[in-house]
Amino acid sequence: MNQIRSILEEIGGTVQLLLRAMSYIGTLPRQFGRFIEQCYLIGYTTLPIVGILSFFIGSVLALQAGYSMQNFGVMQFIGSLVGLSMARELGPVMVSILVTGRVGSAITAELASMKVYQEVDALNTMNIPPERMLVMPRLAAALVMMPVLTIIANIVGWFGGAVVSRYTSFIALNPREYYSSLCRYTHFKDVADGMIKAEIFGFVVVLVCCNIGLNTKGGPREIGASVTRAVVVSLILILVLDYFVTKVLL
């Protein structure tokens, strides 16, 4: 019962934090500098690892698809397989996991440090709501940058699949045939569904990390514990939401 109560309290605290942060959405234009800074941290600093991992995921996907399809004479459908897989599932899920490890952990560590060293209490003393300054710009930046990262991940993954399909001896698929199949079976709705999923995942990850960071108690040792808990909870939520959004909403 104590564990169930703790989980419900965590959910309730996260919802309350979201409501308090959304009440300050009108102040976002006055925090344009913080918003741009968070866009840089969430988007630009995560872009290199997203590009590298997307390229190799698309490459491995095309390689394994070609190995499986070579006995059936359907090599021309590798483009459609890579295109749909990256757009609907691998792109948004992979980007969300990378944002959790690269950005979510940093957000939790920063806010937990501010809480432990009483900087958050100082903001409250000066009548500056932490939700306005520390949470709202991060949530807005996540909503803006997650679709951008997902589109880049899709494009790089498609390109990686095309490179492997062209230069692997037992596939040797012409890039024109690869992209023709990709464009024929991958529609805008598939890409849009993936972007919606990335928006939801990124928003939830940033919200959960902010909530755990702002509720850290104790000494410096608790900062590391909060970071670990935030990453684990975020990864579990991504997997649960992926199933829920795919089956129920999309």
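This text goes with the structure placed above it.
Model, not experiment: these values are computed from the prediction.

What counts, and where the lines are drawn
- Counting restarts for each chain: residues are numbered from 1 in the order of the written sequence.
- The predicted origin of the model limits local features to residues at a pLDDT of at least 70 and limits the giving and counting of side-chain atom pairs to 80 or more, whereas totals for whole chains, interfaces and linings rest on all residues.
- As a convention, hydrogens and water are excluded, and side-chain values are obtained from all of the structure's heavy atoms.
- To get an axis, fit a line to the C-alpha atoms, keeping to the stretch in contact for a helix; angles then go from 0 to 180 degrees between the N-to-C directions.
- Counting from the N terminus, the helices are the DSSP runs of H or I reaching at least four residues and the strands are the DSSP runs of E reaching at least two.
- Comment on the angle field: the value is read as roughly parallel under 35 degrees, roughly antiparallel over 145, roughly perpendicular from 65 to 115, and oblique elsewhere.
- Helix crossings get a hand from a simple test, with the near helix turned counterclockwise from the far one by less than a right angle marking a left-handed crossing and a clockwise turn marking a right-handed one.
- We call two residues contacting when some pair of their heavy atoms lies within 4.5 Å.
- The residue classification treats Ala, Val, Leu, Ile, Met, Phe, Trp, Tyr, Cys and Pro as nonpolar and Asp, Glu, Lys and Arg as charged. All others, Gly included, are polar.
- Here the aromatic set is Phe, Tyr and Trp, taking the six-membered ring for Trp, and pairing holds for ring centres within 6.5 Å; pairs whose planes are under 30 degrees apart are stacked, those over 60 apart are edge-to-face, and all others are tilted.
- Burial here depends on accessible area, computed with a 1.4 Å probe over protein chains only, as a share of the maximum for the residue type. Under 20% is buried, over 50% is exposed, and the range in between is partly exposed.
- The criterion for a charge sitting over a ring is simple: Lys NZ or Arg CZ within 6 Å of the ring centre, and within 35 degrees of the ring normal.

**Q** Even after reading the chapter, I still don't get the packing of helix α2 (residues 32–44) against helix α6 (residues 130–167), so can you show me in this structure?
**A** One can describe the packing of α2 onto α6 by two numbers: an axis separation of 8 Å at closest approach and a directional angle of 45°. Taken together, the axis directions place α2 and α6 in an arrangement best described as oblique. Every pair of crossing elements has a handedness; the one defined by α2 and α6 is right-handed. Only Met 133, Pro 137, Arg 138, Ala 140, Ala 141, Ala 142, Val 144, Met 145 and Leu 149 of α6 make contact with α2, whose side of the interface consists of Arg 34, Phe 35, Gln 38, Cys 39, Ile 42 and Gly 43. Across the contact of α2 with α6, the residue classes break down as 11 nonpolar, two polar and two charged.

**Q** Sorry if this is basic, but what is going on with the packing of helix α3 (residues 47–69) against α6 here?
**A** Between two packed helices, both the angle of their axes relative to each other and the distance between the axes serve to describe the pair. At a minimum axis separation of 7 Å, α3 and α6 run at an interaxial angle of 40°. By the criterion of interaxial angle, the relationship of α3 to α6 is oblique. Between α3 and α6 lies a crossing of right-handed hand. On the side of α3, the interface is formed by Leu 47, Val 50, Gly 51, Ser 54, Phe 55, Gly 58, Ser 59, Ala 62 and Leu 63, while α6 contributes Leu 149, Ile 152, Ala 153, Val 156, Gly 157, Phe 159, Gly 160, Gly 161, Val 163, Val 164 and Ser 165. Of the residues assigned to the contact of α3 with α6, the class counts are 12 nonpolar, eight polar and no charged.

**Q** In this structure, what is going on with the packing of aromatic side chains? I would like to understand it.
**A** As enumerated under the stated definition, the model contains seven aromatic pairs in all. The interplanar angle of 45° and the centroid separation of 6.1 Å between the aromatic rings of Phe 55 and Phe 159 together place this pair among those described as tilted. Linking Phe 55 in helix α3 with Phe 159 in helix α6, this pair joins segments that are 104 residues apart in sequence. Note on Phe 55: relative accessible area 25%, which makes it partly exposed. Look at Phe 159 and you get partly exposed, because its relative accessible area is 46%. Here Tyr 67 and Phe 170 contribute two aromatic rings whose centre-to-centre distance is 6.4 Å and whose plane-to-plane angle is 80°, an arrangement assigned as edge-to-face. Taken together, the positions of Tyr 67 in helix α3 and Phe 170 in the loop between α6 and α7 (175–185) put the pair 103 residues apart, joining distant regions of the chain. Its relative accessible area of 52% is what places Tyr 67 among the exposed residues. What links up through ring pairs into an aromatic cluster is the set Phe 55, Phe 56 and Phe 159. Here the basic side chain of Arg 166 rests over the ring of Tyr 167, its NZ or CZ set 5.3 Å away from the ring centre.

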